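Residues per chain, in single letters:
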Amino acid sequence: MGLGAKRRTVLVTGAAGFIGSHMVDRLLAEGFEVVGLDNLMTGDLSNLEAAGRDVHFHFQSGDVREPLHVYAEIVMNFACPASPVHYQHEPYATFTTSVLGALNLIQMARGRPCTILHASTSEVYGDPLVHPQPETYWGNVNPIGERSCYDEGKRGAETALNDARRRLGVDVRIARIFNTYGPRMAFGDGRVVSNFLVQALVGKPLTIYGDGSQTRSFCYVDDLVEGLFRMLRHGPLDAPVNLGNPGEFTIAELAELVRELVGGVGLERHPLPADDPKQRRPDITRARSLLGFDPQVPLREGVARTLADFRARLGEDVVAGGA
Ligand code: UDP
């Protein structure tokens, strides 16, 4: 990647979100010109504090559901509420952000040299009947349930983007992102890692949904961003690529880890939400062989780093009268 006059412009949609903002920081560090678009539906401008001090970063308030008029050689599409609490609160906005967003990006990119790297999700596999999930698995998704606005929206976006690659020759690359955690996760997003850390830090019991035997694979955000960056550097990729950490843990194990790190924290049982997948673990064979992708940060270390970030931010919020 050249610097100075050769800087290439990347449009990052959902730039103020958790993953989007980490990607922005990485792209700036790699010498790109970065335009960050966000409608702040779930994003937070404080995530862009560091980026905002860089002359090569340009924030635009905007919505991917509207026609886009940005010139960029690369688009990284993170625009969409991603936590069940957020997306179920605004199901229509979630669905349209995925599908209309993808269609608008295709319109923007078609007919000119523009690569679209789209953030899809392990949710396209639904409550999987195949374990671990390879990219060739078509999934087990409820089309009319509580999670459908997100799952089917993301599946629809993949459909539109794949057609754009086949029919219009757009360079589309699709990352299927599995559970990712790290600094800057929103406190109120209802994700298991953020819930447990906030609960532990304010001295409340950790809320375990169901019996805690359901599994997830947690990827530290820096590892994920490395995988996404490798997808960008790679040539065209005509099939989706799973990105995540294949280490698989039960929710009860995660709770134990948080209890070890914080100490003196209780547990509380809650009912399992509808359509909650029982098992999830990425098969990252494709990412490993194509990209040399190999997540480095063990869960204990990643959770400890995230805990430090939460502690610092919660402290500020308490001082500001927030939390
Ligand atoms: N979960 C939990 N307690 C919480 C939040 C989530 O036990 O306070 C469980 C949830 O039921 C699910 C898993 O943790 O089985 C991961 O949930 P999350 O919302 O983080 O991600 P997703 O379900 O989208 O993978």
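For the structure, check the block above.
Residues numbered from 1 in each chain as written. Predicted model: local features only at pLDDT ≥ 70, side-chain atom pairs only at ≥ 80, totals over all residues. Heavy atoms only, no water.

## What to know about the site of the ligand
Counted only if it meets this: In this text, near means that some heavy atom of the residue lies within 4 Å of the molecule or strand in question. Counted as a polar contact is a pair of N or O atoms within 3.5 Å, where, for protein atoms, one must be capable of donating a hydrogen and the other of accepting one, and residues adjacent in sequence contribute only when both atoms are in side chains. Only runs of H or I of at least four residues qualify as helices and only runs of E of at least two qualify as strands under DSSP, and these elements are numbered from the N terminus. Ten residue types, Ala, Val, Leu, Ile, Met, Phe, Trp, Tyr, Cys and Pro, are classed as nonpolar, four, Asp, Glu, Lys and Arg, as charged, and the remainder, Gly among them, as polar.
Taken together, 18 residues sit near the ligand, with Asn 195, Thr 207, Arg 216, Asp 276 and Arg 280 positioned nearest. At 2.8 Å from an oxygen atom of the ligand is found a main-chain nitrogen or oxygen belonging to Val 192. Tyr 209 places a main-chain nitrogen or oxygen 2.9 Å from an oxygen atom of the ligand. At the level of secondary structure, the elements contributing two or more residues to the shell around the ligand comprise helix H6 (192-201) and strand E8 (206-209). For the shell around the ligand, a count of residues per class yields seven nonpolar, five polar and six charged.

## Points about the nonpolar core
The criterion, for reference: In these notes, a set of buried Ala, Val, Leu, Ile, Met, Phe, Trp, Tyr and Cys residues joined through side-chain atoms within 4.5 Å is what counts as a nonpolar core. Under the scheme applied here, a residue whose accessible area is under 20% of the maximum for its type counts as buried, over 50% as exposed, and between as partly exposed, the area being computed with a 1.4 Å probe on protein chains only. Contact criterion: two residues are considered in contact whenever any of their non-hydrogen atoms come within 4.5 Å of each other.
If you look at the biggest cluster of nonpolar residues, it comprises 59 residues, and the most contacted ones within it are Val 12, Val 24, Leu 27, Met 76, Leu 228 and Leu 243. Sort the elements by how many residues they give to this core and helix H7 (residues 221-233) lands first, with seven residues. Setting aside anything within four residues of it in sequence, one finds Leu 243 in contact with Ala 175, Arg 176, Ile 177, Phe 178, Leu 224, Gly 227, Leu 228, Met 231, Ala 287, Leu 291 and Phe 293. Val 35, Val 64, Cys 114 and Leu 161 belong to the second-largest nonpolar core, a separate cluster that totals 23 residues.

## Quick notes on the pattern of salt bridges
Stated formally: Any carboxyl oxygen of Asp or Glu that lies within 4 Å of a side-chain nitrogen of Lys or Arg is treated as forming a salt bridge with it.
Scanning all chains against the criterion turns up 21 salt bridges. The salt bridge involving Glu 30 is made with Arg 26; its shortest N-O contact spans 2.9 Å. You can call Glu 30 partly exposed: its relative accessible area is 26%. The salt bridge involving Glu 226 is made with Arg 26; its shortest N-O contact spans 2.8 Å. Of this pair, Glu 226 sits in helix H7 while Arg 26 sits in helix H1 (residues 18-29), and the two are 200 residues apart along the sequence. With relative accessibility at 22%, the residue Glu 226 sits in the partly exposed group. Within the structure, one salt-bridge network assembled from shared partners comprises Glu 123, Arg 147, Arg 216, Asp 276 and Arg 280.

## Some details on the packing of H6 against helix H8 (residues 251-262)
Packed helix pairs are characterised by how far apart their axes lie and by the angle those axes make with each other. Rules: Structural elements are reduced to axes, namely lines fitted to C-alpha atoms, with helices fitted over the stretch in contact, and the angle between N-to-C directions of any two is expressed from 0 to 180 degrees. Here is the rule for handedness: rotate from the far helix to the near one, and if that takes an anticlockwise turn smaller than a right angle the crossing is left-handed, while a clockwise turn gives right-handed.
Relative orientation of the contacting elements H6 and H8 amounts to 35 degrees, with a least axis distance of 10 Å. In the crossing of H6 with H8, the sense of the turn from one axis to the other is right-handed. Residue-level contacts link Val 192, Val 193, Phe 196, Leu 197 and Ala 200 of H6 to Ile 251, Leu 254, Ala 255, Val 258 and Val 262 of H8.

## Details of the packing of aromatic side chains
For clarity, the threshold we go by: Each Phe, Tyr or Trp ring, with Trp reduced to its six-membered ring, pairs with another whose centre is within 6.5 Å; inter-plane angles below 30 degrees give stacked pairs, above 60 give edge-to-face pairs, and intermediate values give tilted ones. Either the NZ atom of lysine or the CZ atom of arginine qualifies as a charge over a ring when it sits within 6 Å of the ring centre and within 35 degrees of the ring normal.
Summed over the entire model, instances satisfying the criterion amount to seven aromatic pairs. Residues Tyr 125 and Phe 178 carry aromatic rings whose centres are separated by 6.0 Å and whose planes lie at 35 degrees to one another, so their mutual orientation is tilted. Of this pair, Tyr 125 sits in the loop between strand E5 (115-121) and helix H5 (148-168) while Phe 178 sits in the loop between strand E6 (171-177) and strand E7 (180-181), and the two are 53 residues apart along the sequence. The pair Tyr 125 / Phe 178 is uniform in exposure class, with both members buried. Residues Tyr 181 and Tyr 220 carry aromatic rings whose centres are separated by 5.6 Å and whose planes lie at 70 degrees to one another, so their mutual orientation is edge-to-face. Taken together, the positions of Tyr 181 in strand E7 and Tyr 220 in strand E10 (residues 219-220) put the pair 39 residues apart, joining distant regions of the chain. Take Tyr 181 and Tyr 220: they sit in the same class, and that class is buried. Clustering of aromatic rings is evident, with ring pairs tying together Tyr 125, Tyr 137 and Phe 178. The cationic tip of Arg 26 hangs over the ring face of Phe 229; the distance from NZ or CZ to the ring centre is 4.5 Å. Here the guanidinium or amino end of Arg 313 rests over the ring plane of Phe 310, the centre of that ring lying 5.0 Å away.

## Some points on the side chain of Thr 121
As for its position among the elements, Thr 121 is in strand E5. Leave out the neighbours within four places in its chain, and Thr 121 touches Tyr 150, Lys 154, Ala 175, Arg 176 and Ile 177.

## Quick look at the packing of helix H4 (residues 91-109) against H5
As a reminder of what qualifies: The labels follow the angle: roughly parallel below 35 degrees, roughly antiparallel above 145, roughly perpendicular from 65 to 115, and oblique for the rest.
Here H4 crosses H5 at 10 degrees, and the two axes come no closer than 8 Å. Relative to H5, the element H4 is oriented roughly parallel. Here H4 contributes Pro 91, Thr 94, Phe 95, Ser 98, Val 99, Ala 102, Leu 103 and Ile 106 to the contact with H5, which in turn contributes Cys 149, Tyr 150, Glu 152, Gly 153, Lys 154, Gly 156, Ala 157, Ala 160, Leu 161, Ala 164 and Leu 168. Residues belonging to the contact of H4 with H5 are distributed by class as follows: 13 nonpolar, four polar and two charged.

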